[in-house]
Amino acid sequence: LAMTTPTNDSVRQLDQQYVFHSWSAQEGRHPLVIAGGKGCRLWDYEGHRYLDFSSQLVNTNIGAQHPKVIEAIKAQAEQLTTIAPATANLARGEAARLILSHVSDRFSKVFFTNAGADANENAIRMARLYTGRDKVLSSYRSYHGNTGSAICATGDWRRLPNDYARGHVHFFTPYLYRSEFNAATEEEECAAALRHLRRIIECEGPSTIAAILLETIPGTAGILMPPEGYLKGVEALAREFGIVLIMDEVMAGFGRTGRWFTFQHYGIEPDLITFAKGVNSGYVPAGGVILSNEISHFFDNRMFPGGLTYSGHPLAMAAIVATITAMEDEGIVEHAARIGDDIIAPALRRLAERCPIVGDVRGKGVFHAIELVSDRETRAPLPAAQMAVLKADLLARGMLSFIAENRIHVVPPCVVTVEEAEEGLAIIEAALTALARSQD
Ligand code: PLP
């Protein structure tokens, strides 16, 4: 097979025969075949081109095949492809220094992992060691990764078949459109959510709680924008009770919302920050934990009992250095902010006025969601069968989309041009119009 020219069919067949896939039954899959890409475009072996409005799993913030990053990976491969984590390595040191240059001087060290799940795993471990406490509080509306503690910290359905770790407690974070607190305004939602969190802390026992782990803006759960004052309130509760505040910036970090880190919009300072995805757009797998001075110093004369063979892998580190440098040089973070403010947000507001199946729109930068409903009054979510029709229609119109439950997430790469953003938004409007018409 490897000797013959690949086609869509041959590549799909190879996959179906030999590859075991995540989050799915293995039979009946018909995976999309992708052969190559550049920027926001991807293509298959037969010349079909797609506009990527998903950034894959919301990770290719600098788009596909950025030449500077490819060049840096090649150069590092020539120099040294792999080295043990205990050694000093130039690319690793530079990657850590560059990451730290985008946070305040409250932070002083970076621990590198292979991806986002093990970043959260290790952050949780650090918080437990630092506090001598056990419990981890996190949101029901969250995803934190698919490993032991990370999947149990996850609030969504993916936790339920994997709920084997101990010490995890969940609570509700604000989501006015589907309020758990019967709130009518953002202010009421915020105040009620903070009262609820305080009650959870009191009832669980503050002296048993190591960490509060939150996505700054819950991503896969629906791009749920925290109301004004919520994160400040969470930070204050964490400080009051000596609880470590971990912000999961795996999806929201590195430019996605028009800042290097999304918590920077909200005037808060966590104790640990977890990252992955956008740090090098996934060109080589990498993630990590940014440690505050205090937590970092705690381990100055105490062993940190944790490690990974590929912690700070040179190819991943070279990709991080080149990615951050390209993002700085090309103003990619500022660009993402402008595309969000000038193009995506106004277009989604117009869409909400024109399409009755749009129940709510929200977001920042290239991190927006369109929530679809079958009835605006009851807010009944658009059923899964119709979402599947919509996803297929978007693909047929040449767009790769990120669909979760009853939502389209508008999450193109941060480098999306004005023309590409407008093209994608027009495709979404055409597909929603067609769907609404088919229901009449
Ligand atoms: N945290 C958040 C907020 C995520 O969105 C994800 C992945 O989607 C993860 C953690 C897990 O990252 P990974 O899949 O790289 O392990």
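Bear in mind that the values here come from a model prediction, so they are computed numbers and not experimental data.

Right, let's talk about the overall build of the chain for a bit. Each helix and strand counted, the chain has 13 helices and 16 strands in total. Taking 440 residues into account, the globule formula puts the C-alpha radius of gyration at 22 Å, and the chain, at 22 Å, falls close to it. On the principal axes, the C-alpha backbone points of the chain span a range of 60 × 60 × 40 Å. For the chain, the residues scored as buried account for 47% of the 440 residues in total. Long-range contacts, defined here as pairs at least 24 residues apart, represent 72% of the contacts in the chain between residues at least 6 apart.

Let us now look at the pairing of strand β3 (residues 49–52). As paired elements, strand β2 (residues 41–43) and β3 share 3 bridges and run antiparallel to each other. Looking at the pairing, arginine 41 lines up with leucine 51 of β3. Connecting β2 to the next strand, β3, in antiparallel fashion are 5 residues, including glycine 47 with a positive phi near 85°. As paired elements, β3 and strand β14 (residues 399–400) share 2 bridges and run parallel to each other. When the bridges of β14 are listed, leucine 51 appears paired with methionine 399.

A separate point is the packing of helix α3 (residues 67–79) against helix α10 (residues 314–329). It is the contact of α3 with α10, at a shortest axis distance of 8 Å, that shows an interaxial angle of 150°. It follows that α3 is roughly antiparallel to α10 by the angle criterion. Along this stretch, α3 crosses α10, giving a crossing that reads as right-handed. Residues Lys68, Val69, Ala72, Ile73, Ala75, Gln76 and Ala77 of α3 form the contact with α10, whose participating residues are Pro314, Leu315, Ala318, Ala319, Val321, Ala322, Thr323 and Ala326. Residues of the contact of α3 with α10, tallied by class, amount to 12 nonpolar, 2 polar and 1 charged.

The domain boundaries assigned to the chain delineate domain 1 (32–65 + 331–439) and domain 2 (68–329). Computed from C-alpha coordinates alone, the two centres of domain 1 and domain 2 are separated by 26 Å. Every element with two or more residues in the side of domain 1 that touches domain 2 is listed here: α11 (332–354), β11 (358–364), β12 (367–375) and β16 (407–410). It is α11 that provides the largest number of residues to the side of domain 1 that touches domain 2, a total of 5 residues. Looking at side-chain class alone, the side of domain 1 that touches domain 2 contains 11 nonpolar, 9 polar and 6 charged residues.

Strands sit in the order β4-β10-β9-β8-β7-β5-β6 across an open sheet of 7 strands; the sheet is mixed. Edge strands, defined here as strands with exactly one partner in the open sheet, are β4 (107–113) and β6 (168–171). Neighbour-to-neighbour, the strand axes of this sheet turn through a mean angle of 20°, independent of strand direction. Relative to strand β7 (residues 209–215), strand β5 (residues 135–139) is paired through 4 bridges, and the arrangement is parallel. The partner of lysine 135 across the bridge, within β7, is isoleucine 209. Taken strand by strand, helix α5 (residues 116–131) contacts β4, β5, β7, β8 (244–248), β9 (272–275) and β10 (287–292), and its axis lies near 30° from that of β10.

Pairing is mixed in the open sheet, where 4 strands are placed in the order β1-β2-β3-β14. Looking at which strands have only one partner, the edges of the open sheet turn out to be β1 (36–38) and β14.

Residues Ala127, Ala211, Ile212, Ile246, Leu272, Ala319 and Val321 are the most contacted members of the largest nonpolar core, which totals 123 residues. The two domains that each donate at least three residues to this core are domain 1 (32–65 + 331–439) and domain 2 (68–329). Not counting chain neighbours up to four residues away, the residues in contact with alanine 319 comprise Val69, Ala72, Ile73, Asn280, Tyr283 and Val284.

Moving on, we come to the environment of leucine 425. Topologically, leucine 425 is positioned in helix α13 (residues 418–439). Between the C-alpha atom of leucine 425 and that of histidine 170, which follows or precedes it by 255 residues, the distance is 35 Å.

Next up on the list: the site of the ligand. Close to the ligand lie 16 residues, the nearest being Ala115, Gly116, Ala117, Gly145 and Val250. If you tally residues by element for the shell around the ligand, the top one is α5, at 3 residues. For the shell around the ligand, a count of residues per class yields 7 nonpolar, 7 polar and 2 charged.

This part is about the environment of aspartate 375. For aspartate 375, the location among the structural elements is in strand β12. Residues aspartate 375 and proline 356 lie 19 residues apart in sequence; the distance between their C-alpha atoms is 8.1 Å.

This brings us to unusual backbone geometry. Residues apart from glycine generally show negative phi values, whereas peptide bonds are mostly found in trans. Residues other than glycine seldom take positive phi values, yet tryptophan 23 does so here, at roughly 50°. Assessed through the 6 C-beta atoms surrounding it within 10 Å, tryptophan 23 is described here as exposed. Although it is not a glycine, glutamate 405 sits at a positive phi angle of roughly 50°.

Given a rise of 1.5 Å per residue, 13 residues ought to cover 18 Å, and the 18 Å separating the end C-alpha atoms of helix α12 (residues 384–396) matches this to within 8%. Looking one or two residues beyond α12, the residue adopting positive phi is glycine 398, at roughly 90°.

A few words on the packing of helix α7 (residues 186–204) against helix α8 (residues 230–241). How two helices pack is summed up by the angle between their axes together with the distance between the axes. Interhelical geometry of α7 versus α8 gives an angle of 20° and a closest axis separation of 10 Å. Classified by the interaxial angle, the pair formed by α7 and α8 is roughly parallel. Note that α7 runs across α8; the crossing there is right-handed. Facing α7, whose interface residues are Cys190, Ala193, Leu194, Leu197, Arg198 and Ile201, α8 presents Tyr230, Gly233, Val234, Leu237 and Phe241. Of the residues assigned to the contact of α7 with α8, the class counts are 9 nonpolar, 1 polar and 1 charged.

In a regular helix each residue adds 1.5 Å, so 22 residues correspond to 32 Å; α13 covers 32 Å between its end C-alpha atoms and thus fits that length. Those residues of α13 not exposed but buried are Glu420, Ala421, Gly424, Leu425, Ile428, Ala431 and Leu432. What you see down the axis of α13 is that its buried residues fit within an arc of 130°, all on one side. Turned more than 90 degrees from where α13 packs its buried face, Val418, Glu419 and Arg437 sit exposed. Taken together, the buried residues of α13 touch β3, α11, α12, β14 and β16.

Cut-offs used in this document
- Residues numbered from 1 in each chain as written.
- Predicted model: local features only at pLDDT ≥ 70, side-chain atom pairs only at ≥ 80, totals over all residues.
- Helix = DSSP H or I, 4+ residues; strand = E, 2+ residues; numbered from the N terminus.
- Rg over C-alpha atoms; globule rule 2.2 N^0.38 Å.
- Buried ≥ 20, exposed ≤ 12 C-beta atoms within 10 Å, placed from the backbone.
- Contact = placed C-beta atoms within 7 Å.
- Pairing = 2+ DSSP bridges.
- Axes fitted to C-alpha atoms, helices over the stretch in contact; angles between N-to-C directions.
- Parallel < 35°, antiparallel > 145°, perpendicular 65-115°, else oblique.
- Left-handed = near helix turned anticlockwise from the far one by under 90°.
- Nonpolar A, V, L, I, M, F, W, Y, C, P; charged D, E, K, R; others polar.
- Domains from an automatic or database assignment.
- Core = buried A, V, L, I, M, F, W, Y, C linked by C-beta atoms within 7 Å.
- Near = placed C-beta within 6 Å.
- Expected span 1.5 Å × (residues − 1).
- Arc of directions from axis to C-beta.

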